[in-house]
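Here is how the chains run, residue by residue.
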Amino acid sequence: MTGADTAQVVLRLDRITKRFGALTANDAVSLSLHRGEVVALLGENGAGKTTLMNILFGQYTADEGQVMVMGRALPPGNPRAALEAGVGMVHQHFTLADNLTVLENVTLGTEPLWRWRSDRAAARDKIAKLSADFHLAVDPDARVGSLTVGERQRVEILKALYREARILILDEPTAVLTPQETDDLFATLREAVAKGLSIVFISHKLHEVMDIAHRVVILRHGKVVAEMDTANTDRHALAAAMVGSDVSAPRVAPGTAGAPLLQLHAVTTADRGSAPGLKSLNLALRAGQITGLAGVSGNGQAALADLIAGLGAPASGRLDLGGAEMAQWSPRAAVEHGIARIPEDRHKTGTIADFSLTENAILESYHKPPMSRAGWMSWPRAEAETQAIIKGYDIRCPGPDTRIRLLSGGNMQKLILGRVLEANPRIILANQPVRGLDIGAVNYVHEQLLKARDRGAAVLLISEDLDEIMALSDVIHVMSEGRLSPEFARGTMTPAELGVWMAGHGFDAGLAHAS
Amino acid sequence: MDILDILLSASFWAAAIRIASPLIFATLGELICERAGVLNLGIEGIMVAGAFAGWMAVYSGLGLWPGVAVAMVVGMGFGAVHSLLTVPFGLSQHVVGLGVTLLATSSTYYAYRLALPEVTSPPKITAFQPWEIPLLSDIPLIGPAFFSQTPLTYLAFLLVGVVSLVLYRTPLGLALRAAGENPAAVAAQGLSVTGLRMGAVIVGSGLMAMGGAFLTMSAFDSFFFEMVNGRGWICIALVVFGAWKPGKALLGAVLFAAFDALQIRVQQTPLGADIPYQIFLMTPYVLSILALIVMSRRAEVPAALMVAFNKGER
Amino acid sequence: MGLMRGWHMRLEPIANPSLARSTLPPVLAIAATVIVASLLAMLAGADPFAVLGLILKGAAGSKFAVLETLNRATPLIFTGLAVAVAFRARLWNIGAEAQLYAGALMTVVLGTGALPWSATALLPTLVLVSMLAGAAVLLVPALLKVRFGVDEVVTTLLFNFIFLLFISLLLEGPLKDPMGMGWPKSERLIAEARLPRIVEGLRLHWGFALALISAALVWVIQRRTTLGYEMRAVGLNREAARFAGIPVNAVLIKTALLSGGLAALAGFSEVAGVKGSLTLDLSPGFGYTGIIVAMLALLNPLGVIAAALFVAGIFVGADSMSRAVGVPTYLADIMLATALLLMVLAILLTRFRVVRE
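In every chain, residue numbers begin from 1 and rise along the written sequence. Chain A is the first chain written and ligand 1 is the first ligand written, with later ones labelled in order. Two thresholds apply to this predicted model, a pLDDT of at least 70 for residue-level local features and 80 or more for giving and counting side-chain atom pairs, whereas whole-chain, interface and lining totals are computed over all residues.

1. Quick word on the overall build of chain A
- Note on conventions: DSSP H or I runs of at least 4 residues are helices, E runs of at least 2 residues are strands, and numbering of each starts at the N terminus. Looking only at helices and strands, chain A features 18 helices and 23 strands.
- Our radius of gyration is a C-alpha quantity, and the globule rule it is checked against amounts to 2.2 Å times the number of residues to the power 0.38. Whereas a compact globule of 515 residues would reach a radius of gyration of roughly 24 Å, chain A reaches 25 Å, a difference of no more than 12%.
- Across its three principal directions, the C-alpha atoms of chain A cover 70 × 55 × 55 Å.
- To assign burial, the other C-beta atoms lying within 10 Å of each residue's own C-beta are counted, with C-beta atoms placed from the backbone; 20 or more indicates buried, 12 or fewer indicates exposed, and intermediate counts indicate partly exposed. The 515 residues of chain A split such that 48% are buried.
- Two residues qualify as being in contact provided that their C-beta atoms, derived from the backbone, are within 7 Å of each other. Of the contacts formed within chain A by residues at least 6 apart in sequence, a portion of 70% connects residues at least 24 apart.

So, in structure tokens, the structure goes:
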């Protein structure tokens, strides 16, 4: 953007350093943002982006350095100060209360607490005006819990605008959006910039950064490693700077499809709150194939994952394994039938934080020989097994007695991989298997999935990251509102075409086509 | 006497309102705590402490209203202990709550023994007297039932309105409810979840203590051990029954008290004489459990109830 | 507004706590409890050192005192185990009091002559039937929790009141001792139903030994069996346990049965070992005190023995101190409540440090 150099600097981070014990999360990071500018903060998971923003927002106190907004230093560790100085943040995980209305969520904290009455009429008017100005249509009296993810994000942006934010910070805002919703968001952001707002856009998606940002600041291991104008660079250079070496997309050889190992016939499950259930779903997972499931989160992926994991049963329809219908369906039945399950949330469902590695490693096998006999645990056997997993999967830990909460996300995921893959499963359910992992761990997990596929396993890969789906999958389905698209073979669809399906278009035609 | 006769008598409804009053105070107190996300199992002990503190203050020469204030302050003190442990430190609300109940109860009994070492039966005070509201108390049936109560009862009903108003119409109430639904949303606005939750527990505990004080200063005129007798636990059930809403909780408390008043009267009928009195005494507890079962499938529970929040914990 | 600013503190986990970090907070908690007790003793006009000394002496200063403490600890070991087992699976059994009375009830129903058997046949039967009764009492709240999602804290609490009234009803009706002169009291147990003394001449009955054996068995169950593994998994992370295939509801029910059974043994042991009959004041709150015992023991079944001895010692010591200098015995309850609250805080501080921001 020409003229940005001369424009007013609205935000300046000056040599911010933050340490957590031995880890230096931010190492003398400096950044400046001008009026009417979009700066992208690019970096891998764990590069220090979120820590930096938490410092700016007063959630953490920096060990060194300071934050200047509109030329004035912010007092450290005071979230209110950043808000009052005109900084608004849209967190990656929305900070909305589901049981409150849009109006209540937006006005929360905007009035002095000790007042006898909230001025709702004024608030309503202001929200209506902002909605119109920034193309943020949303019903102020709707319960937030009943809104779609895209609408919730609009509420978050409204919240910031309602507080007259001059600087917007968006943390991975597109992670939960369809490509079309992303376009809408970008339209809103361009509107905001035109009105003189400034934006920090945190992301690891290169094409979006190239699309919306004027300038890119790249963080790696807590340090600023590069800063460039998008006009003078390209995606390849950004990627190289981000990961520290020249990278090319991994080339994955296609798998050889075999017999269907798991089939769903017209399976329907009940809706759960705002999350849709499955709507007459047909799906076949074939041996030697990775089936990718694309879709915006909250469109029934959880229902499908739960079904295959044994947590739910079909309300109607049939679940067949190896051609036989499953009557008694439970997590244990799923495991016994050779389904390896990598859950979406390794902290909450995949592991028990205060259990040791050994105790976590046997969670699915403790109830039968050799781990136990007639109700008696065989701990030496369990520990030997765990040692084998630690070695085989290169888990960095002090030993099998270590509580798993002390491990990094990558090592935790490796233990889960070891637990479920040791038994040579025929079917693998991998639900967001690399979320939040660093690039080394991501590659490791992907290699393991490909290895299992080449061994003849049927893999279902569920991911919100379309790039991941397209890189690994032999066939792709898209899910929207509990419905499943037809099967698309590798390389037959562009991201934009998949995006149309992700937005919920084409399903009726697709069903007609399938029948 | 026929059941219908009982239900149509003013004295029955007057008794029901009287029985409901301490429950209303304490239920409101618990409701405020839970709306902010904290289960306060200290309620039973705090009611005992409030009952003693208010009564003792009056016995030592203070006026009735200052006595109520003393009870409230004592309750807030125990609330401060509870909230300090459960909110910034995020300790188990179950364990701390039961610990506070034990601490409040035993401190009260200790204080009682120290203050009145020699007495065999506790002394009486001049309690709050019924206060007939002009005009309204002249209405047949309704007047003697609802408008010839003690001032504390009127205060209890008034507080239902005040708490409703604060919760639903003020910025503070919004922040409080948000703290019980999604504390991260509150913190993101620069408000202190710790401050809001601690404040709610402290104020709520003050109300619980007033519920206790009602027993010694309005319903009776003396303090007995065991006088709270599980009322605190019943109030926790009433909060669930009232779906965490002050108006519905009030309704629940009155309904519950009506059942209680009814069983006392049925006991005195020829039919009641054949049934062991323990059966009647069981009814409040059984009713509470039934209410919990009936309400169990409803989803109004604050989403962050019993979820500790510490903004920096990683 | 100052309140709403809040103080900026957060808890930071400590990966490898030092020795001082893991021992100092609990020691300080005990010290603070002693200081609180001293202040309260001074408030009562007594010399705090004398009061503490008398408590110590009354708890362990003589053979009689030690035996008294062991006797008092016996029911607390049972209720402490009951709570420890339940809390470990995050089943909040606050109803040990009711389960205790269920055990006592079955002991007098079958032990007052209904089963004219020898002691070797009768006593094991009473143990078994008592446990079944206690288990049944906790089964109801557990089923309500599992089937309807009704919070067991409130139901078990309310059950205590209901069950005690039920006992009162029985003691004034079918179970009433005709020779009791109108007092609500059951008939006395037959001699074969009484727990003998461990050593002749020493006032300590076999209930104490049974308690120690129970603690050891619970430890074995928790550490060495699949059920124990399941209970711990369910307690630490229900969602992960369910995902892994552990039958969470079945585990909760089994936990409830074990917990209720253990609490009932406290009732059996008090009736068969000490009182010989059932009255409404059989338990001065052993069920509730079991919660303190279990928490002080950090839910460790072997720790329950030590915690029960500590708690019993304070009670017995405070009784004897109170007789000597007239400081109310409720001092013991205050000490225990204080110890409980400070101990849970201290345990937290062994694992986290408070960081001011």
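2. Section: the sheet that holds strand β11 (residues 260-268) of chain A
All names here are of chain A.
- When DSSP finds two or more bridges between a pair of strands, those strands are recorded as paired. With antiparallel pairing, the four strands of this open sheet are ordered in space as β12-β11-β14-β15. Of all strands in the sheet, those bounded by a partner on one side alone are β12 (281-286) and β15 (324-325).
- Where strand β14 (residues 316-321) and β15 come together, two bridges link them in antiparallel fashion. Residue pairing for β15: Leu321 is matched across the bridge by Ala324.

3. Notes on the interface of chain A and chain B
- Across the boundary between the two partners, chain A contributes 24 residues, which contact 20 residues of chain B.
- Counting only elements with at least two residues in the side of chain A that touches chain B, the list comes to α2 (79-84) and α3 (102-107) of chain A.
- Taken together, the residues that form the side of chain A that touches chain B break down as ten nonpolar, eight polar and six charged. Classification convention: Asp, Glu, Lys, Arg as charged; Ala, Val, Leu, Ile, Met, Phe, Trp, Tyr, Cys, Pro as nonpolar; all other residues, Gly among them, as polar.

4. A closer look at the pairing of strand β1 (residues 9-20) of chain A
All names here are of chain A.
- In terms of strand pairing, β1 meets strand β2 (residues 23-34) through eight bridges, oriented antiparallel. Bridge pairing links Leu11 to Leu33 in β2.
- As judged from the five bridges shared by β1 and strand β4 (residues 64-69), these two strands associate in the antiparallel manner. Pairing of Thr17 across the sheet is with Glu64, part of β4.

5. Details of the UniProt feature "transmembrane region" (unreviewed entry) in chain B
- UniProt positions are given in the numbering used here, feature names are shortened, and annotations may be inferred rather than shown by experiment. When the UniProt feature table is mapped onto this chain, "transmembrane region" (unreviewed entry) is found at residues 6-26, 38-58, 64-87, 94-112, 151-168, 198-217 and 278-296 of chain B.
- Within the segment residues 64-87 of chain B, helix and strand shares are 96% and 0% respectively, and the terminal C-alpha atoms sit 33 Å apart.

6. As for helix α3 (residues 48-60) of chain C
Residues and elements named next belong to chain C.
- In this scheme, a helix's expected span is set at 1.5 Å multiplied by one less than its residue total. Taking 1.5 Å of rise per residue, 13 residues should cover 18 Å, and α3 covers 18 Å from first to last C-alpha, within 8% of that figure.
- Every buried residue belonging to α3 is among Val51, Leu54, Ile55, Gly58 and Ala59, and all of these are buried. Here the buried residues of α3 occupy an arc of 125 degrees about the axis, which is enough to place them on one side.
- Buried residues in α3 make contact with α2 (19-43), α4 (63-88) and α13 (301-325). In this context, the arc is that of the directions from the helix axis out to the C-beta atoms.

7. Quick notes on the domain arrangement of chain A
All names here are of chain A.
- Here the bounds of each domain stem from an automatic or database domain assignment. When its domains are assigned, chain A resolves into domain 1 (9-243) and domain 2 (260-338 + 425-514).
- Taken over C-alpha atoms, the centre of domain 1 sits 33 Å from the centre of domain 2.
- Taken together, the contact pairs 13 residues of domain 1 with 14 residues of domain 2.
- Here the side of domain 1 that touches domain 2 is built from residues that sort into six nonpolar, six polar and one charged.

8. Let's talk about the interface of chain C and chain B
- Between chain C and chain B, the contact holds 44 residues from the first and 43 residues from the second.
- Partitioning the side of chain C that touches chain B into residue classes produces 34 nonpolar, six polar and four charged.

9. A word on the confidence of the model for chain B
Residues and elements named next belong to chain B.
- Per-residue confidence from the prediction method is given by pLDDT, with values spanning 0 to 100. Residue-level pLDDT values for chain B average 91, and 98% of them are 70 or greater.
- Put simply, helix α1 (residues 3-7) is where chain B has its lowest mean pLDDT, 79, and helix α3 (residues 43-59) is where it has its highest, 98.
- Interface predicted TM-score (ipTM) for the complex: 0.92; the corresponding pTM is 0.89.

10. Description of the sheet that holds strand β8 (residues 198-203) of chain A
All names here are of chain A.
- If you walk across this open sheet you meet the six strands as β6-β7-β8-β3-β9-β10, and the pairing is mixed. In this open sheet, the two strands that pair with only one neighbour each are β6 (87-90) and β10 (223-229). The average angle at which neighbouring strand axes cross in this sheet is 20 degrees, direction not considered.
- Sheet analysis places strand β9 (residues 215-220) next to β10, joined by six bridges and oriented antiparallel. Residue Ile218 lies in a different strand from β10, and its bridge partner there is Ala226.
- Only the stretch in contact is used when a helix axis is fitted, and all axes are lines through C-alpha atoms; the angle between N-to-C directions ranges over 0 to 180 degrees. Across the face of the sheet, helix α1 (residues 49-56) comes into contact with β3 (38-42), β6, β7 (167-171), β8 and β9 while running at roughly 145 degrees to β7.
- This element, helix α5 (residues 149-162), spans β6 and β7 of the sheet and lies at about 170 degrees to β6.

11. Section: the packing of α3 of chain B against helix α4 (residues 64-86) of chain B
All names here are of chain B.
- As a packed pair, α3 and α4 sit with axes 8 Å apart at the nearest point and diverge in direction by 145 degrees. The handedness of the crossing between α3 and α4 is right-handed. Along the contact surface, α3 presents Gly45, Ile46, Ala49, Gly50, Ala53, Gly54, Ala57 and Val58, while α4 presents Leu64, Pro66, Gly67, Val68, Val70, Ala71, Val74, Gly75 and Phe78.
- Here the residues of the contact of α3 with α4 are counted per class, giving twelve nonpolar, five polar and no charged. By definition, turning the near helix anticlockwise from the far helix through less than a right angle yields a left-handed crossing, and turning it clockwise yields a right-handed one.

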